[in-house]
Amino acid sequence: MRVGILGFVGAGKTTLLGALMHHLARGGGKDSPLAYHGLEGADSFRDLFGYADALERGGWPPRTSTSRVAEYTLQLRERATGIVLELKLPEMSGELVEEIWRTDRIPGEISFVKDYRGLLLLIDATVIAPERTVAQYVHLLQALKRAQGFLRSERSSLPVALVFTKWDALPEEERDAPPEELARVLVPLLLDFVQSNHSAFKVFGVSAVGATDALGKPLLRDGRLKPISLLAPFEWALEETRRVAQPKA
Amino acid sequence: MPGANDPGYLCPQCGLPQGDPRCMHRSIGPIGARLKTPAVGTPGLATQLPPHASAPARPAESPDAIDVRGRVVPEGDFRITALGYEGCGKTTYIGMLYFLLVCGKLPGYRFAWSDSLRDLEEIRAQLHRPLQQGGPAFPPRTSRDKTIFLHLGLRRWEDDKYVDVYFPEFSGEDVGQVWTTGKFPENLSFMADMKGYIVFLDATSLTMANIGKTQLLFESLLAIKKTRSLEDPVAVVISKWDTVGDSVTPDQFVKDRLGGLAEWFEGHLAHYRTFGVSAVGAVRPILGRDGRPVKGPSGEPLTVPAPEPSDEPDGPLFRYRPKNVSRPLVWLLSELAGTGEPS
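Looking at this structure, how should I read the overall build of chain B?
Across its full length, chain B holds eight helices and twelve strands. Pairs at least 24 apart in sequence give 67% of the contacts found in chain B among residues at least 6 apart. Surface accessibility of chain B: about 16,800 Å² in total, with carbon and sulfur atoms responsible for 52%.

The structure is reproduced here in structure tokens:
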């Protein structure tokens, strides 16, 4: 089961993966139905452990290079069944999203995105995304749905979650509201699209690091980050992709 | 030094001549093979492009690039198209519909799809152009070599029905054919499959010639539907209604100013309703350096949208006050569903 993580520029894809790596490597998630299973590929080991290391040192992972096309793979295992969920983080630069927008083609070097069985789309909860950027990501989701052979009037079985990052940085009253309410305010076009086109969708609010210090760096307590709802989107994605994969009775 | 497509060009990586099938280097490999490589993903779908709407073939940048272009093939039971000549306000109308969807404010419907997102986003950007860049503007009028279709797919909250709405921007040639022969060109014959129509009449440009052209447009529609009386619902939109004011109703306006056309509607349209619509709410003239209104080629004063500046710190730059933008569409869809206009 392959779940792709896509995200607006600056939404925190790298930080989320680094925090997840850190969380799992330090034995977090014991209460979660998901357990760390492994990584695939030297790039994944080098970069994801590198990002986790940067966070543990109280810094942020370096900004992702935009010139590369890569795909990290992090594997999670469902404790109860042993089913493995592969999280795929494509290095998808803003330039590539722009290219798909401009040409109506998914370039060959990233055509693997059409094979994902679930998608998590990361959005920074603390900034208002420009309308054009929102439209570009709607276009990207349209492109993926079309590449998977669906008609525009039918719903795709591909589960899609909108994941608001930096949830800890929101004002308290917004943090207490359901994430879907924030989506209705910040990205109504995207929320409408997902609700209209995907049979399974959900909106999450997560914080990869949980809190930041006065200097805006990740705040560690006893050497650990305290992420908020970090595993929730992944648990949901596993559940949904498995439900879709099950043959109908 | 010969270029990649010149005879005598050798691949710098393997040294094979240009076009040699053994050369596997994709950026410089056999041109024919690259062009013939089928795009992955969409063959056989109902979204195949009819010949009239096909875009020029473009070579893929790599053999397995996936073509995800939109196709003009209406889906679902509710298929609607707009009709009206250039400058009648169709493009601004669909731009404002899209803007309402971007803000999540189209009553009863939510955004589902658009095969024209780039174009709609461009129209939205024009309507919200910052003052420093010249301020809000209408979408530019361009003469087109080929009829194109702006598209919106919507879903109704109430029952989740999918709706395709097309706004054709006719090419000069296609307009010319309707005007000279009274028939839709063969390449637009699929308009006959539509189930509802929104027809635009520009309140500021009701010359005899334009009235005649509009009536001929209806006659052409009846001809491709092979009928003398249209059963499908038609929303007649009097655009730029802000220039008329609220002293008359749209029905009264049509009877007073377009009496013959109103009679024609009565005799040929089984279900129609007239709406006064202003997509942008208010306009102002463009002033030249001498302070006088700038005039267009036909002597009409050129205008730009005149929204109020918005005071929301994080909101849009301007506050538009569109009038009745969603009503024709909502009425039409209710007619198609047989539910009558929602209260």
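How should I be thinking about the overall build of chain A in this particular structure?
Looking only at helices and strands, chain A features eight helices and eight strands. Computed over the C-alpha atoms, the radius of gyration of chain A is 17 Å, within 12% of the 18 Å expected from 2.2 N^0.38 for a compact globule of 249 residues. Overall size of chain A, expressed as C-alpha extent along the three principal axes, is 50 × 40 × 35 Å. Across the 249 residues in chain A, those meeting the buried criterion constitute 57%. Just so you have it, chain A exposes about 10,100 Å², and 51% of that area is on carbon and sulfur atoms.

Quick question: what am I supposed to make of the interface of chain B and chain A here?
One frequent convention defines the size of an interface as the accessible area lost when the parts assemble. Across the contact, 45 residues belong to chain B and 37 residues belong to chain A. Of the roughly 3,700 Å² buried between chain B and chain A on both sides combined, carbon and sulfur atoms contribute 54%. Among the residues of chain B in contact with chain A, Val-68, Trp-113 and Arg-118 of chain B are the three that bury the most area, contributing 20% of the side total. Applying the counting criterion to the chain B and chain A interface returns six salt bridges. Two residues, Asp-115 of chain B and Arg-152 of chain A, come together in a salt bridge whose shortest N-O distance is 3.4 Å. For the pair chain B and chain A, the number of links is 19 residue pairs in polar contact (both at pLDDT 80 or more). Sorting the residues of the side of chain B that touches chain A by element identifies strand 1 (66-67), helix 2 (90-102), strand 3 (109-113), helix 3 (117-127), strand 4 (148-156) and strand 5 (162-169) of chain B as the ones contributing at least two each. Summarising the sheet, strand 5 (residues 105-106) of chain A and strand 1 of chain B pair through two bridges and their orientation is antiparallel.

Just checking my understanding: could you explain the pattern of salt bridges for this structure?
Any two side chains of opposite charge can pair, given that their charged atoms come close. Tallied over the entire structure, the rule returns 29 salt bridges over all chains. Between Asp-164 of chain B and Arg-152 of chain A there is a salt bridge, and its shortest N-O distance comes to 2.7 Å. Remark: Arg-152 of chain A occurs in the loop between helix 4 (131-147) and strand 7 (160-165) and Asp-164 of chain B occurs in strand 5; the pair is interchain, linking two chains. As far as the burial class goes, Asp-164 of chain B and Arg-152 of chain A line up, both buried. Members of the salt-bridge network, linked through shared partners, are Arg-146 and Arg-152 of chain A together with Asp-115 and Asp-164 of chain B.

Please explain the sheet that holds strand 6 (residues 196-202) of chain B as it appears in this structure.
Strand pairing in a sheet takes place through backbone hydrogen bonds and is either antiparallel or parallel in direction. All names here are of chain B. Across the sheet, seven strands lie side by side as 3-4-5-2-6-7-8; this open sheet has mixed pairing. Two strands in the sheet have a free side with no partner beyond their single neighbour: strand 3 and strand 8 (269-276). Ignoring which end each strand starts from, the neighbouring axes of this sheet average 25° apart. Here helix 7 (residues 259-268) sits on the sheet in contact with strand 6, strand 7 (230-239) and strand 8, set at roughly 140° to strand 8. Strands in contact with helix 8 (residues 327-337) are strand 2 (78-83), strand 3, strand 4, strand 5, strand 6, strand 7 and strand 8; relative to strand 7, the strand with the most contacts, it is inclined by about 170°.

For this particular structure, what's the right way to read the sheet that holds strand 6 (residues 118-124) of chain A?
Residues and elements named next belong to chain A. Strand order in the open sheet made by the seven strands is 2-3-4-1-6-7-8, with mixed pairing throughout. Where the open sheet ends on each side, the last strands, each with one partner, are strand 2 (34-40) and strand 8 (201-205). The sheet shows a mean angle of 25° between the axes of neighbouring strands, direction not considered. Examined bridge by bridge, strand 3 (residues 71-78) and strand 4 (residues 84-90) share seven bridges and lie antiparallel to one another. What sits directly across from Gln-75, in strand 4, is Glu-86. Its contacts with the sheet put helix 4 on strand 1 (2-7) and strand 6, and the angle it makes with strand 6 is roughly 175°. Here helix 6 (residues 179-186) sits on the sheet in contact with strand 7 and strand 8, set at roughly 100° to strand 8.

It is not clear to me how empty space enclosed by the protein should be interpreted in this structure. Could you clarify?
By rolling a water-sized probe across the atoms, one finds the places where empty space is left. All names here are of chain A. Summed over all chains, the structure comprises one cavity of 30 Å³ or more. Its boundaries defined by the atoms lining it, the largest cavity holds a volume of some 40 Å³. Every residue along the wall of the largest cavity is listed here: Ile-5, Leu-6, Gly-7, Lys-13, Pro-90, Met-92, Val-97, Tyr-137 and Leu-140. Put simply, the parts of the chain that give the lining of the largest cavity at least two residues each are strand 1 and helix 4. If one sorts the elements of the lining of the largest cavity by residue count, strand 1 sits on top with three residues. Here the residues of the lining of the largest cavity are counted per class, giving seven nonpolar, one polar and one charged.

Mind showing me how you'd approach the packing of helix 6 of chain A against helix 7 (residues 188-197) of chain A here?
Between two packed helices, both the angle of their axes relative to each other and the distance between the axes serve to describe the pair. Residues and elements named next belong to chain A. For the pair helix 6 and helix 7, the least separation of the axes is 5 Å and the interaxial angle reads 120°. With respect to their mutual orientation, helix 6 and helix 7 come out oblique. Contacts from Glu-180, Ala-183, Arg-184, Val-185 and Leu-186 of helix 6 reach helix 7 at Pro-188, Leu-191, Asp-192 and Gln-195. Of the residues assigned to the contact of helix 6 with helix 7, the class counts are five nonpolar, one polar and three charged.

Just to check I follow, could you spell out a negative patch on the surface for this structure?
Side chains of Glu-172, Glu-173, Glu-174 and Asp-176 of chain A sit close together on the surface and give a patch of like negative charge. Within the fold, Glu-172 of chain A resides in helix 5 (residues 172-176).

Would you mind showing me how to read the nonpolar core here?
Soluble, globular proteins show a tendency: their nonpolar side chains are buried together. In terms of nonpolar packing, the biggest core is built from 126 residues, with Leu-74, Ile-106, Phe-164, Leu-190 and Phe-234 of chain A touching the most fellow members. With sequence-adjacent residues up to four places away left out, Phe-234 of chain A is seen in contact with Ile-5, Leu-16, Leu-20, Leu-34, Leu-76, Leu-85, Leu-87 and Leu-120 of chain A.

Before we go on, may I ask you to explain unusual backbone geometry in this structure?
Excluding glycine, most residues fall at negative phi; most peptide bonds, likewise, are trans. One non-glycine residue, Asp-104 of chain A, lies in the positive phi region at around 55°. Considering the arrangement of structural elements, one finds Asp-104 of chain A in the loop between helix 3 (94-103) and strand 5. The phi dihedral of Asp-160 of chain B falls on the positive side, at around 70°, and the residue is not glycine. Relative to the helices and strands, Asp-160 of chain B is located in the loop between strand 4 and strand 5.

What's the story with the side chain of Thr-274 of chain B in this structure? I'm lost.
All names here are of chain B. Summarising the element assignment, Thr-274 is placed in strand 8. One polar contact links Thr-274 to Asp-251, side chain to side chain, over a distance of 3.2 Å. If sequence neighbours within four positions are ignored, Thr-274 has contacts with Val-236, Ile-238, Pro-250, Asp-251 and Val-254.

Cut-off values and rules
Residues numbered from 1 in each chain as written. Chains lettered and ligands numbered in written order. Predicted model: local features only at pLDDT ≥ 70, side-chain atom pairs only at ≥ 80, totals over all residues. Heavy atoms only, no water. Helix = DSSP H or I, 4+ residues; strand = E, 2+ residues; numbered from the N terminus. Contact = heavy atoms within 4.5 Å. Areas by Shrake-Rupley, 256 points an atom, 1.4 Å probe, with all protein chains shown as cover. Rg over C-alpha atoms; globule rule 2.2 N^0.38 Å. Buried < 20%, exposed > 50% of the residue type's maximum accessible area, 1.4 Å probe, protein only. Buried area = accessible area lost by both parts, 1.4 Å probe. Salt bridge = Lys/Arg side-chain N within 4 Å of Asp/Glu carboxyl O. Polar contact = N/O pair within 3.5 Å; in protein donor to acceptor, adjacent residues only side chain to side chain. Pairing = 2+ DSSP bridges. Axes fitted to C-alpha atoms, helices over the stretch in contact; angles between N-to-C directions. 1 Å grid on protein atoms, 1.4 Å probe; cavity = no way out; pocket = protein on both sides within 12 Å on 5 of 7 lines; lining within 4 Å. Points joined across faces, edges and corners; volume = space filled by probe spheres on them. Nonpolar A, V, L, I, M, F, W, Y, C, P; charged D, E, K, R; others polar. Parallel < 35°, antiparallel > 145°, perpendicular 65-115°, else oblique. Patch = residues over 30% accessible without salt bridge, like charges linked within 9 Å, V, L, I, M, F, W, Y side chains within 5 Å. Lys, Arg positive; Asp, Glu negative; His and termini not counted. Charge placed at Lys NZ, Arg CZ, Asp CG, Glu CD. Core = buried A, V, L, I, M, F, W, Y, C linked by side-chain atoms within 4.5 Å.

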